Amino acid sequence: SVSSSFPFSLLSISSRKQRKNTIRDGFEDILEERRNSSDLKYALRCYAPVLYKGVTPCKANMLKNIVLQSDQLRYVINQVSQESGEAPDIIQEEASVILEEMAHRLQISTVRFFAFALSKAFKTLFQHVCVNEEGIQRLQQAIQEHPVVLLPSHRSYMDFLLMSYILYTYDLALPVIAAGMDFMGMKFVGEMLRMSGAFFIRRSFGGDKLYWAVFSEYVKTMLRNGFAPIEFFLEGTRSRTCKSLTPKLGLLNIVIEPFFKGEVFDVNLVPISISYERILEESLYARELLGVPKPKESTSGLLKARRILSEDYGSIHVYFGQPVSVRSLAQGKVNRSTYNLFPRHIPRKPMEETQSFVNDTAYRIVRLQEDNMVLKPWVLMASLLLQNLEGMELSVLTEQTVWLRGLALSYAAFLDWPDHAPTAKVVSSSLALHRGLACVSGGRVSLVVGEPLGPVTPEEALFNRAVSVLSCASYRNQVLHVFLRPAMLAVAMLHLSDEVYNCFSFLWDMFSNDFILCPGDTVQDFEEACYLLVKTGAVQMPQQDIVMTDIGQPTLSFFNGLLEPFLQGYQVVCRYLCEEASEGLTEKQYIPAVRSFHSVLCVFTGNLRCYEVLSSDMQKNALAALLRMDAVRKVKVADQVTLIVNKMAVNSIDDILGKNRMISHINQTQISPSLSLVAVAEDLCRDGLTPSYIR
Amino acid sequence: MLTSDSCLSLHKHGSSMASDSNSSESQRIAQQRLRIIAGHLQKHKDDDSGTIATECKAEANKGTVPRKRQEIMKWNGWGYSDSKFLFNKKGQAEFTGKRYRLSGMVLPSLQDWFENTFGASVNHKSPATPALNASAVPPASLNEAFVEDLKATGIPFSHEAEDRVFRAHGHCLHEIFALREGKKFERVPDMVVWPNCHSDVVKIVELACKHNVCLIPYGGGTSVTSALECPPEETRCIVSLDTSQMNRILWIDEKNLVAHVEAGIIGQDLERLLNESGYCTGHEPDSMEFSSLGGWVATRASGMKKNVYGNIEDLVIHIKVVTPRGVIEKSCQGPRMSTGPDIHHFILGSEGTLGVVTEVTMKIRPIPEYQKYGSVVFPNFEAGVACLREVAKQRCAPASIRLMDNEQFQFGHALKPQVSSIFTNFVEGLKKFYITKFKGFDPHQLVVATLLFEGDRERVLQHEKQVYDIAATFGGLAAGEDNGQRGYILTFVIAYLRDLGMDYYVVAESFETSVPWDRVLDLCRNVKERINRECKERGVQFQPLTSCRVTQTYDAGACVYFYFAFNYRGLADPVHTYERVEHAAREEILANGGSLSHHHGVGKLRKEWMKESISSLGVGMLQSVKDYVDPDNIFGNRNLL
């Protein structure tokens, strides 16, 4: 046997205490009271939240003056004035206009209106809106002690209305929310949102110094004054895939800086996980990912959305995580005294040490969001169905769902599985809620594919199929964070390489745009993966070896199947870049080109089942990975960004991924995932290879 | 030599200095008379210039401090033995003795304030060990050869336990706490010598070098940086060189307004003697009642009235230092020189690591014609700081301007005596003041700035108006002279009050920093918050008192002074807890742009941050000076580096 070599000892892992804190709070349904008492009374009730102890009472208008007169902004105004030759007054006026466009006008009356309207809407749309009240209590405490930043996950437009609604319900200080400018397109709604605490930021203002100064000073002023909790989405935009997105650092940098500069004693970051049983935008997202342009936000569009009011969207769970003290996080990582030698009002690029701290913090927060995401049984079922696109027997699905539930629980997934309900009932009611995605006929469960009227071209058929796969994938994606690390290890083990860690590390690096993998955590993640697989008996680790056990086969092959679409997708991209991409391929052409390359592959050869690579999300992530690995370079020619492909490098990445292709190729012929591994093993043995993980 | 400074303090407002404004006429006459006497003295001195050695013996010990310091001072607390706070049988606080303005007075509000602030009770006493237990003192390990040679010089010395213990500590909390607890001492000086003059010091240092004896200069003993602590690892005989008997003004030069003074003189003697000649130095660190001139030089001391007179580095014209390599001094008394880096700056702040400062020529000024206290109340600390900043910007700071936060304001309030002409008026005045003017001021937010103006009468009044006008623009209201004077009284009683607190399970300490103007507020807030948080985390059962004042203003920043106290009941090792909290507070200060020290110095307490503060290259520069001047580490107190 060949022993795997690791850069560290694994012997300590099994004795190490489990990293994740699995003790979580219980939930209360806030809709219950709404169903039993007057919404009007609720909307008009006395609202007297506790405030930050250091708050300087201040109206929204005074806030603007403070910002406009701040040293910070005055400095930039003078700077811009000198650079542009415009008089400072004119720049000042510009700043004032920017601020006017940006600033919120939080008004309690508007909030009350929303409280009323949303009560009605929520009761129609959702069965329950569940909140962990202990989290609310912790938040209330935190709000009094320190400036608080609320960091919810972002899956739906509903998110921020929902957040304000909950805070109003619990008599907590209403947040001011950073919102994208696109809402401003909806005239009336935009203003309503503004009055309920939203402030608007342009999507891109790259080099605009003045805009950046106004924006960051506005946010910092609210934070320093303790005006209100500040809320924004670390992910920057709604995740169309239901995977957490790589965090954006701009706003986080802004809210953390006052701590480094000593302007506030501490800042508390509160990760909040909002889990939807069914997402309102479900099929919209799939279409968007397939290149059907995103509908522009408009009031009339919102009104059209009224038809969604007639559907059942299940429950929402909102989990307010433990507030994270920036001060404690930064202890020993950032030397604050490096800020001593520079005037604090002069904008400066954050130091490397700070940048990496903020980056690290952002990832940790997103992981905390992930950890407290509530998973429904359907998420498990969707994961299984996607590995059996031909459909599967209901009884097999039920059986495997139960098995998967056990696995998920032992990996500390936050699973909301109904108490005391028979499994068959749980499965059937999940199928009922998601009847748009899956159906049962003749005892077989399969994905629903939209049937357009009239004759269908092969491309259209592919598109429809892809919509249903991607919709389904958005549920599977919700459980990925639980299984990701052991799954990567499983893939690494099923790989032909002896270097399990190296292979894991390669996959880790490759997928770090697709999943939340904290920078620098490769070794830690590997240890966690080993720990989890050992814990569930899927592998054993005698000395320096990782050995699959007999009972481990289903687990490992399920994991392999789970990541299969990603491996395939990345490979399609690699192949495209090697075989088809022309010289001078621009960044803009890249996505449609990959898409059509894939369609061609699919439609005419019929031997590729990977629908997910049609998703622009995966295409972008694959490209980002290749860019990061220096297999592709971006070159700016005139106004266009051109992609220069290093075919050798891409080919070798394709090769490494390709070793997995053998497995997935076999996999396609399998009915049950548990069989595929045996087949692989047999295949390998026939070839005279004895992998180290099989004894 | 290590001494000076201010944390705990006491000085002459209570006693001689608090001149009333209408006494200026008699003062003027007295000055004239004194100047004539001074002239005689000058002549006398010139006559004797060839016989310094004999003079050295003859005139010794005219100062306040006897060789046996314990005869008049507490061995385990602050200040004079006859002066202390206590709670009498009625539970009322009183201040004993006759030395100070508050002496003999009852302070009816103090008990309430004390109990409410600390959660302490006058029924829960934590009394100190009554007397020094000689068996707790390690036996003196003497260098016999050194002792023999020293005897031959006739310089007095002692190796009695009491003398040695008295010079084994400064006034850090842990030092005083250990004395009160009667803890065993790890290392104390093995003997004490009392040189009478410069040439005595030269002899002692020569003998120390000859016999490889460790010397630790000792001035007023008011260090709060563990600077006087004997390094426990020191195996040589440690000799404490007590400069207290070198306490004469050797001459006064009225043409150049300088005086040449022996460095062992303590602040109150220096001021009293100069006043007799119609002069003053104007250097008044809060500790001036006990701290010495040499100590000021060795720690870079700062005086309350530095706005008019300057800090110690601005005041010294010439310094004479005895080092193992010989005597360092400049060859002239030019007011400024461009002769490379100023060698005085190797001495200033050297904390006894290079040698003994024996004589100093320093600037003197005629006693100011007129002096006036004042005070301004601000609605909150922010407004107060903004006002001080503006005053500094306009460079019109009075001799002293200090801004006390609300906690200190309330503390000052608690020190109202029962009977006193000046205070009764004040209390009445304050009541009226509350009703008429404080309306709209939150008594839990308001802060008070205390002011001291000096100069000729007309200018003072003009100056006063200018400052009050500035204050008004920041919402400040003039709050009377008495209120101002009381603020300064607080400064000296607080050191005695710490001893009272320690009698009732309350430990207290102060620390200071200097910080750029724009960071003053943030630093004050964050340091207080950090202290509160650390106390909580370290199991302190009661809310600590954290208080600060902006105590000096400069063009580019301010000196901030913190008080920190807590009730330690329920803590196993209160001193350790205290030290951890102070450590955290210092880290917070540094992280918020504050300096390692404004005037207390580094000692051994803050050595760990020196590299961070002045860079390792900077430390290397200082080290190379040390290595050259004192290659055998004769001055082995191990401060600073």
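A quick note: this is a predicted structure, and the numbers were derived from the prediction, not measured.

Criteria and cut-off values
Residues numbered from 1 in each chain as written. Chains lettered and ligands numbered in written order. Predicted model: local features only at pLDDT ≥ 70, side-chain atom pairs only at ≥ 80, totals over all residues. Heavy atoms only, no water. Helix = DSSP H or I, 4+ residues; strand = E, 2+ residues; numbered from the N terminus. Buried < 20%, exposed > 50% of the residue type's maximum accessible area, 1.4 Å probe, protein only. Areas by Shrake-Rupley, 256 points an atom, 1.4 Å probe, with all protein chains shown as cover. Contact = heavy atoms within 4.5 Å. pLDDT = per-residue confidence, 0-100. UniProt positions renumbered as here; feature names shortened; annotations may be inferred. Buried area = accessible area lost by both parts, 1.4 Å probe. Salt bridge = Lys/Arg side-chain N within 4 Å of Asp/Glu carboxyl O. Polar contact = N/O pair within 3.5 Å; in protein donor to acceptor, adjacent residues only side chain to side chain. Pairing = 2+ DSSP bridges. Phe/Tyr/Trp six-rings, centres within 6.5 Å; stacked < 30°, edge-to-face > 60°. Lys NZ or Arg CZ within 6 Å of the ring centre and 35° of its normal. Axes fitted to C-alpha atoms, helices over the stretch in contact; angles between N-to-C directions. Parallel < 35°, antiparallel > 145°, perpendicular 65-115°, else oblique. Nonpolar A, V, L, I, M, F, W, Y, C, P; charged D, E, K, R; others polar. Core = buried A, V, L, I, M, F, W, Y, C linked by side-chain atoms within 4.5 Å. Expected span 1.5 Å × (residues − 1). Patch = residues over 30% accessible without salt bridge, like charges linked within 9 Å, V, L, I, M, F, W, Y side chains within 5 Å. Lys, Arg positive; Asp, Glu negative; His and termini not counted. Charge placed at Lys NZ, Arg CZ, Asp CG, Glu CD.

A. View of the overall build of chain B. Counting its secondary structure elements, chain B contains 21 helices and 21 strands. Burial analysis of chain B (641 residues in total) assigns 61% to the buried set. Summed over its atoms, the accessible surface of chain B is roughly 24,500 Å², and 52% of this surface lies on carbon and sulfur atoms.

B. View of the overall build of chain A. For chain A, the count of helices and strands is 26 helices and 17 strands. Intrachain contacts of chain A at a sequence separation of at least 6 include 78% that bridge at least 24 residues. Of the roughly 28,800 Å² of accessible surface on chain A, a fraction of 55% belongs to carbon and sulfur atoms.

C. Structural view of the confidence of the model for chain B. Residues and elements named next belong to chain B. The predicted model of chain B has a mean per-residue pLDDT of 89, with 87% of residues at 70 or higher. Between residues 1-23, whose pLDDT stays under 50, and residues either more than four places distant or in other chains, the model counts 114 contacts. Between residues 41-54, whose pLDDT stays under 50, and residues either more than four places distant or in other chains, the model counts 6 contacts. Our summary of model confidence lists the complex with pTM equal to 0.88 and ipTM equal to 0.85.

D. Representation of the UniProt feature "active site" (unreviewed entry) in chain B within the structure. Residue and element names in this part refer to chain B. Look at the UniProt record and you will see "active site" (unreviewed entry) annotated at Y561. Position of Y561 relative to the elements: it lies in strand β21 (residues 557-567). Under the relative-accessibility criterion, Y561 is labelled buried at 1%.

E. Spatial organisation of the interface of chain A and chain B. Each partner contributes to the interface: chain A provides 16 residues, whereas chain B provides 14 residues. Between chain A and chain B, a total of about 1,300 Å² is buried, with carbon and sulfur atoms accounting for 31% of that surface. When the buried area of chain A at its contact with chain B is split by residue, F265, N340 and R344 of chain A rank highest and sum to 44% of it. Applying the counting rule to chain A against chain B returns 6 salt bridges. Put simply, E529 of chain B and K53 of chain A hold a salt bridge, and the shortest N to O gap is 3.3 Å. Linking chain A with chain B are 15 residue pairs in polar contact (both at pLDDT 80 or more).

F. Broad picture of the pattern of salt bridges. Residue and element names in this part refer to chain A. Within this structure, the stated rule accounts for 75 salt bridges over all chains. For D39, the salt bridge goes to K120, with nearest N and O atoms at 3.1 Å. Residue D39 is found in helix α2 (residues 39-44), and its partner K120 is found in helix α6 (residues 108-125); the two are separated by 81 residues along the sequence. Looking at D39, the relative accessible area reads 4%, which means it is buried. The exposure class of K120 is partly exposed, given its relative accessible area of 41%.

G. Representation of the sheet that holds strand β2 (residues 93-95) of chain B within the structure. Judged by pairing direction, the sheet is antiparallel, and its 3 strands sit side by side in the order β1-β2-β3 (chain B) without closing on themselves. Each edge of the open sheet carries a strand with a single partner, namely β1 (85-87) and β3 (106-107) of chain B.

H. Spotlight on the pairing of strand β4 (residues 176-180) of chain A. All names here are of chain A. Counted residue by residue, β4 has 5 buried out of 5 residues, so it is predominantly covered. Note: β4 against strand β6 (residues 230-231), 2 bridges, orientation parallel. Bridge pairing in β6 places V176 opposite I230. Bridge count for β4 against strand β5 (residues 198-201) is 4 bridges, and the pairing is parallel. Paired with A178 across the strands is F199, a residue of β5.

I. Just the packing of aromatic side chains, in detail. Under the definition given, this model contains 48 aromatic pairs over all chains. On the basis of an interplanar angle of 25° and a centroid distance of 5.0 Å, the ring pair of Y100 of chain B and F492 of chain B is categorised as stacked. On the criterion of sequence distance, the pair formed by Y100 of chain B in the loop between β2 and β3 and F492 of chain B in helix α18 (residues 481-503) is long-range, its members being 392 residues apart. Linked through ring pairs, Y42, Y47, F122, F126, Y165 and Y168 of chain A together constitute an aromatic cluster. One Lys or Arg, K306 of chain B, reaches over the ring of Y554 of chain B and ends 3.8 Å from the middle of that ring. The ring of F381 of chain B has K528 of chain B lying over it, and the distance from NZ or CZ to the ring centre is 5.9 Å.

J. Layout of the packing of helix α19 (residues 458-494) of chain A against helix α21 (residues 522-535) of chain A. Residue and element names in this part refer to chain A. Packing of α19 against α21 leaves a shortest axis separation of 8 Å and a crossing angle of 85°. When the axes of α19 and α21 are compared, the pair comes out roughly perpendicular. Residues R485, P486 and L489 of α19 touch α21, and the partners they reach there are D525, F526, E528, A529, C530, L532 and L533. Broken down by class, the residue content of the contact of α19 with α21 amounts to 7 nonpolar, no polar and 3 charged.

K. Inspection of the nonpolar core at higher detail. Grouped together as the largest cluster of nonpolar side chains are 113 residues, with contacts concentrated most on F85 and L110 of chain B. Per element, the largest residue contribution to this core is 10 residues, and it comes from α18 of chain B. Leaving out residues up to four positions away in the same chain, F85 of chain B has contacts with E94, F95, L102, L107, L110, V493, Y496, L497 and L500 of chain B. In terms of nonpolar packing, the next biggest core, distinct from the first, is built from 109 residues, L384, M488, A490 and L626 of chain A among them.

L. Structural context of the confidence of the model for chain A. All names here are of chain A. Per-residue confidence for chain A averages 84 on the pLDDT scale, and 86% of its residues sit at or above 70. Here residues 1-20 is a poorly scored stretch, pLDDT under 50, and it has 52 contacts once near neighbours within four places are set aside; other chains count. In this model residues 662-695 is a low-confidence stretch, pLDDT under 50, and it forms 51 contacts with partners more than four residues away in sequence or in other chains.

M. Structural view of the sheet that holds strand β12 (residues 444-447) of chain A. Residues and elements named next belong to chain A. With antiparallel pairing, 3 strands are arranged side by side in an open sheet as β10-β12-β11. Edge positions in the sheet fall to β10 (392-393) and β11 (438-441), since each has one partner strand and no second. Bridge count for β11 against β12 is 4 bridges, and the pairing is antiparallel. Residue pairing across strands places S441 opposite R444, the latter belonging to β12.

N. Region of interest: helix α8 (residues 198-211) of chain B. Residue and element names in this part refer to chain B. The end-to-end C-alpha separation of α8 is 20 Å, in line with the 20 Å expected for 14 residues at 1.5 Å each. Within α8 the residues assigned to the buried category are H198, D200, V201, I204, V205, L207, A208 and H211. Positioned one or two residues after α8, N212 has a phi angle of 50°, which is positive.

O. Structural context of a negative patch on the surface. Residues and elements named next belong to chain A. Together, E28, E32, E33, E133 and E134 line one region of the surface with negative charge. Listed by contribution, the elements that provide at least two residues to the negative patch are α1 (30-36) and α7 (133-145). In this fold, E32 is placed in helix α1.

P. Focus on the pairing of strand β6 (residues 214-218) of chain B. Residue and element names in this part refer to chain B. Summarising burial for β6: 5 of the 5 residues are buried, a large majority. Of the two faces of β6, the one lined by C214, I216 and Y218 and the one lined by L215 and P217 are each fully buried. Relative to strand β7 (residues 238-242), β6 is paired through 5 bridges, and the arrangement is parallel. Paired with Y218 across the two strands is D242, which belongs to β7.

Q. Summary view of unusual backbone geometry. Residue and element names in this part refer to chain B. Positive phi values are uncommon outside glycine, yet R300 reaches one of about 60°. Here R300 shows up in the loop between α10 (293-299) and α11 (306-309). According to the relative accessible area criterion, R300 is partly exposed, its value standing at 32%.

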